[in-house]
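Next come the chains, spelled out residue by residue.
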Amino acid sequence: MTKTTDKSNPRLAALIVTLKDASRVNEAKIWREIARRLDAPRKNYAEVNLSKIDRYANEGETILVPGKVLGSGALNLPVKIAALDFSEAAVSKITGANGTCMTIEDLVRDNPAGSRIRILR
């Protein structure tokens, strides 16, 4: 049986399958939830500004955005942020605050158990 999704973006379809597999193998419900959110229509994806991340994140924390991170606002904390996509302004502000930008695929590979991750939407 092949695993399919109705997404036309091959990266997104592969990510959803990877998240479901990681959820099953590692018994981590967080990856199943992120796969469910990414399998929804694109208009329902999260778009999070840096000001919101700065407001709700703690220093050194890992933040997961199932959508796009936008560059509005300031980021004063060094945090790791994993998202589907980043705006150019967001990347420059995150790296300027000694933070890290990563893809969701990288986060699944680095933290397969999905522990100590805060989801923002």
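Note that this is a predicted model, so its numbers are computed, not measured.

Student: Hey, could you run me through the packing of helix 1 (residues 10-26) against helix 2 (residues 29-38) in this one?
Tutor: Geometry of a packed helix pair, given as the angle between the helix axes and the separation of the axes. As a packed pair, helix 1 and helix 2 sit with axes 7 Å apart at the nearest point and diverge in direction by 155 degrees. If you check the angle between helix 1 and helix 2, you find them roughly antiparallel. Helix 2 is crossed by helix 1, and the crossing has left-handed handedness. From helix 1, Leu12, Leu15, Ile16, Leu19, Lys20, Ala22, Ser23 and Arg24 reach across to helix 2, where they touch Lys29, Trp31, Arg32, Ile34, Ala35 and Leu38. For the contact of helix 1 with helix 2, the per-class residue count stands at 9 nonpolar, 1 polar and 4 charged.

Student: So what exactly am I meant to see when it comes to helix 2 here?
Tutor: Helical geometry: 3.6 residues make up each α-helical turn, so side chains three or four residues apart lie on a common side. Every buried residue of helix 2 is accounted for by Ile30, Trp31, Ile34, Ala35 and Leu38. One face of helix 2 carries all of its buried residues, which in axial projection span an arc of 135 degrees. Helix 2 presents Lys29 and Arg36 as exposed residues on the side facing more than 90 degrees away from its buried surface. Among the structural elements, helix 1, strand 2 (62-70), strand 3 (80-86), helix 5 (104-110) and strand 5 (117-119) are those in contact with the buried residues of helix 2.

Student: Any chance you could explain the nonpolar core here in plain terms?
Tutor: If you look at soluble globular proteins, the nonpolar side chains tend to sit buried side by side. Core analysis: the biggest nonpolar cluster contains 20 residues, and Leu19, Trp31, Leu38, Leu64 and Ile104 have the highest contact counts within it. Broken down by secondary-structure element, the contributors of at least two residues to this core are helix 1, helix 2, strand 3 and helix 5. Setting aside residues no more than four positions away along its own chain, Ile104 makes contact with Leu15, Leu19, Leu38, Leu64, Val65, Ala82, Ala83 and Leu84. Core analysis: the second largest hydrophobic core is formed by 18 residues, Ala46, Leu77, Ala83 and Leu120 among them.

Student: Help me understand the pattern of salt bridges, please; the structure alone is not making it clear to me.
Tutor: A side chain of one charge can pair with a side chain of the opposite charge if their charged atoms are brought near each other. The tally for this structure, following the rule as stated, stands at 8 salt bridges. Residue Arg24 is joined to Asp21 by a salt bridge in which the shortest nitrogen-to-oxygen separation is 2.6 Å. Of this pair, Arg24 and Asp21 both sit in helix 1, 3 residues apart, which is roughly one turn of the helix. The partly exposed category is assigned to Arg24, whose relative accessible area is 47%.

Student: Mind showing me how you'd approach the side chain of Asn111 here?
Tutor: Structurally, Asn111 can be placed in the loop between helix 5 and strand 5. Here the side chain of Asn111 touches Ser115 through a polar contact of 2.7 Å, landing on its backbone oxygen. When residues no more than four places from it in sequence are discounted, the contact partners of Asn111 are Trp31 and Ile117.

Student: I'm lost on helix 1 in this one. Help?
Tutor: Between its first and last C-alpha atoms helix 1 spans 24 Å; for 17 residues at 1.5 Å apiece the expected length is 24 Å, and the two agree. For helix 1, the full list of buried residues reads Leu12, Ala13, Leu15, Ile16, Leu19, Ala22 and Ser23. The secondary structure elements touched by the buried residues of helix 1 are helix 2, strand 3 and helix 5. With a side-chain oxygen positioned 3.0 Å from the backbone nitrogen of Arg11, the residue opening helix 1 is Asn9. Among the residues trailing helix 1, Glu27 stands out with phi positive, at a value near 50 degrees.

Basis of the calculations
Residue numbers restart at each chain and count upward from 1, following the sequence in its written direction. Residues qualify for local features only when their pLDDT is at least 70, as the model is predicted, and side-chain atom pairs are given and counted only at 80 or more; totals for whole chains, interfaces and linings, by contrast, use all residues. The side-chain quantities take in all heavy atoms of the structure and omit both hydrogens and water. All axes here are fitted lines through C-alpha atoms, helices being fitted over the stretch that makes contact, and every angle between N-to-C directions spans 0 to 180 degrees. A run of DSSP states H or I qualifies as a helix once it reaches four residues; a run of E qualifies as a strand once it reaches two. Both are numbered from the N-terminal end. Comment on the angle field: the value is read as roughly parallel under 35 degrees, roughly antiparallel over 145, roughly perpendicular from 65 to 115, and oblique elsewhere. With the far helix as reference, a near helix turned anticlockwise by less than a right angle produces a left-handed crossing, and one turned clockwise produces a right-handed crossing. In what follows, residue pairs with any heavy atoms lying within 4.5 Å of each other are defined as contacts. When residues are sorted by character, Ala, Val, Leu, Ile, Met, Phe, Trp, Tyr, Cys and Pro go into the nonpolar class, Asp, Glu, Lys and Arg into the charged class, and all the rest, Gly among them, into the polar class. For every residue, the accessible area (1.4 Å probe, protein chains only) is compared with the maximum for its type, and the residue is labelled buried under 20%, exposed over 50%, or partly exposed between those bounds. As used here, the arc belongs to the directions running from the helix axis to the C-beta atoms. To define a nonpolar core, start from buried Ala, Val, Leu, Ile, Met, Phe, Trp, Tyr and Cys residues and group those joined through side-chain atoms within 4.5 Å. Within this document, salt bridges are pairs made up of a side-chain nitrogen of Lys or Arg and a carboxyl oxygen of Asp or Glu, the two lying within 4 Å of each other. Residues adjacent in sequence count toward polar contacts only when both atoms are side-chain atoms; beyond that, a polar contact is any pair of N or O atoms within 3.5 Å, and within protein one must be able to donate a hydrogen and the other to accept it. Here the expected length of a helix is defined as 1.5 Å per residue gap, with one fewer gap than residues.

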